[in-house]
Amino acid sequence: MPSIREQAPAQRRKARITRSFDLASDSYDEANGDFFNPVGDRLVDLAGLRPGDRVLDLGCGRGAVLFAALAAVGPDGYVAGVDLSPAMVHRTAHQAAGARLRNVSVRVDDAEDLGFPDQSFEAVLSSLALMITPDPDAALAQAHRVLVPGGRFGLTVFGPDVQPEWRQAARTLRDYAEDGPLGLNSLTDAPETALAKAGFTGIRTVEEVVTVRYADLDGWWSSVRSDGHRGLLESIPSDRLDEAREAAYDVIRPLAAGGSLTRRTAVRYVTARRP
Ligand SMILES: C[S@@+](CC[C@H](N)C(=O)[O-])C[C@H]1O[C@@H](n2cnc3c(N)ncnc32)[C@H](O)[C@@H]1O
């Protein structure tokens, strides 16, 4: 197995995604569930799932879409989740087994090279995942391939900044880190164009702002340690970590009022159909 440095750029990026989300997986839901879960619920609403549908969730993480989709398709439906991160898959599969859900499977797989046969699903969904994969066009082509004709597709990406302080705080952390950020790919700028190019039709976008309240600055820090920035944080030398955190706190402190901190994030929900 080649070291991360010896791998091709796309493989190297996937290895970084895997490592970051493996590390973040144990606290991902507790620290970030108030954001990812409502976004997953809303995507499922907009996708118009029907009882009995077979659904695939690309980059399922801790199941923000997967569990909402299971509720929508009911006992006669079926939901499969895939993720690059074995730790995410393990924890989500464990949660499903704990809830005695039998019409669900979760496995390690690459959205860009899915191991499912053609035309296996009535719906393919993906929340805040395809915006970080190295080749989003490959993932969209796979989504199109595994959908039945007439099948529905839905994804979310971040919209434009509502409060630029959050991006600035992340940039501040980068200045202390040895690894760069994972960063967002071209899908974030023009998801509709990418979907049209992959052969989807009936493309519709809804943009909404999602509000999250952190109890204090440390609440935000916990969320950063529990999302895709985790790899970047791990690459900050330990003797500079306190300084990095304080510098980031200085950037977002103006957003704190009455002790709590409110974060507003624009999310784009894009839905489409395989003709
Ligand atoms: C920000 S998380 C979102 C997780 C979940 N969809 C949610 O809304 O909470 C992004 C997830 O996408 C996964 N991911 C990124 N690229 C992927 C790919 N090519 N194939 C499968 N999973 C991928 C990551 O491992 C991570 O778990």
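Going by the structure above, here's the rest.
Report follows, based on the coordinates.

Scoring rules and cut-offs
Residues numbered from 1 in each chain as written. Predicted model: local features only at pLDDT ≥ 70, side-chain atom pairs only at ≥ 80, totals over all residues. Heavy atoms only, no water. Near = heavy atom within 4 Å. Polar contact = N/O pair within 3.5 Å; in protein donor to acceptor, adjacent residues only side chain to side chain. Areas by Shrake-Rupley, 256 points an atom, 1.4 Å probe, with all protein chains shown as cover. Helix = DSSP H or I, 4+ residues; strand = E, 2+ residues; numbered from the N terminus. Nonpolar A, V, L, I, M, F, W, Y, C, P; charged D, E, K, R; others polar. Buried < 20%, exposed > 50% of the residue type's maximum accessible area, 1.4 Å probe, protein only. Contact = heavy atoms within 4.5 Å. Phe/Tyr/Trp six-rings, centres within 6.5 Å; stacked < 30°, edge-to-face > 60°. Lys NZ or Arg CZ within 6 Å of the ring centre and 35° of its normal. Salt bridge = Lys/Arg side-chain N within 4 Å of Asp/Glu carboxyl O. Axes fitted to C-alpha atoms, helices over the stretch in contact; angles between N-to-C directions. Parallel < 35°, antiparallel > 145°, perpendicular 65-115°, else oblique. Expected span 1.5 Å × (residues − 1). Bend = angle between axes of the 7 residues up to and from the residue.

**What to know about the site of the ligand**
Near the ligand there are 20 residues, and of these Tyr28, Gly59, Asp83, Ala111 and Thr133 occur at the shortest range. Here a nitrogen atom of the ligand sits 3.2 Å away from a polar atom, N or O, in the main chain of Leu84. Residue Asp110 places a side-chain N or O atom 3.0 Å away from a nitrogen atom belonging to the ligand. Surface burial for the ligand is 98%, taken as the share of its 600 Å² of free accessible area covered by protein chains. Among the elements of the structure, helix H1 (9-24) and helix H2 (28-47) are those that each provide at least two residues to the shell around the ligand. Taken together, the residues of the shell around the ligand sort by class into 12 nonpolar, five polar and three charged.

**Side note on the environment of Val157**
With respect to the helices and strands, the residue Val157 is situated in strand E5 (residues 147-158). With a relative accessible area of 0%, Val157 lands in the buried category. Each C-alpha atom, one on Val157 and one on Arg268, is 5.4 Å from the other, the two residues being 111 residues apart in sequence. Beyond its immediate stretch of four places on either side in the chain, Val157 contacts Leu128, Met131, Leu187, Thr188, Pro191, Ala266, Val267 and Arg268.

**Quick notes on the packing of aromatic side chains**
One pass over the structure, following the stated rule, counts 10 aromatic pairs. For the pair Phe35 and Phe36, a centre-to-centre distance of 5.1 Å together with 75 degrees between the ring planes defines the contact as edge-to-face. Taken as a pair, Phe35 and Phe36 share a single burial class, namely buried. For the ring pair Phe116 and Phe121, a centre distance of 5.1 Å and an interplane angle of 80 degrees mean the geometry is edge-to-face. Just as Phe116 is buried, Phe121 falls in that class too. In this structure an aromatic cluster arises from ring pairing among Trp166, Tyr214, Trp220, Trp221 and Tyr249. Seen from the ring of Phe116, Arg107 lies directly overhead, with NZ or CZ sitting 4.0 Å from the centre. Over the face of the ring belonging to Trp221 we find Arg245, whose NZ or CZ atom lies 5.7 Å from the ring centre.

**Points about the pattern of salt bridges**
Scanning the entire structure with this criterion turns up 15 salt bridges. Residue Lys14 is joined to Asp110 by a salt bridge in which the shortest nitrogen-to-oxygen separation is 2.6 Å. A residue pair is termed long-range when its members are at least 10 positions apart, and Lys14 in helix H1 and Asp110 in the loop between strand E3 (104-108) and strand E4 (121-127) qualify at 96 residues. Exposure remark for Asp110: the relative accessible area of 15% places this residue in the buried category. One continuous salt-bridge network, built from bridges that share partners, spans Lys14, Asp110 and Glu112.

**With respect to the packing of H1 against helix H4 (residues 86-98)**
Angle between the axes and distance between the axes: these two values describe a pair of packed helices. Two numbers describe how H1 lies on H4: the axes approach to 7 Å, and their chain directions differ by 40 degrees. Regarding the angle of H1 to H4, the classification is oblique. Contacts between H1 and H4 pair Thr18, Phe21 and Asp22 from the former with Pro86, Ala87 and Met88 from the latter. Grouping the constituent residues of the contact of H1 with H4 by class yields four nonpolar, one polar and one charged.

**What to know about H2**
With 20 residues, H2 extends just 24 Å between its outermost C-alpha atoms, more than 12% less than the 28 Å of an ideal straight helix rising 1.5 Å per residue. Along H2, the largest kink reaches about 60 degrees and is centred on Asp34; proline Pro38 follows within four residues of it. Of all the residues in H2, the buried ones are Tyr28, Asp29, Asn32, Gly33, Phe35, Phe36, Val39, Gly40, Leu43, Val44 and Ala47. In the stretch just after H2, Gly48 is the one whose phi turns positive, near 60 degrees.

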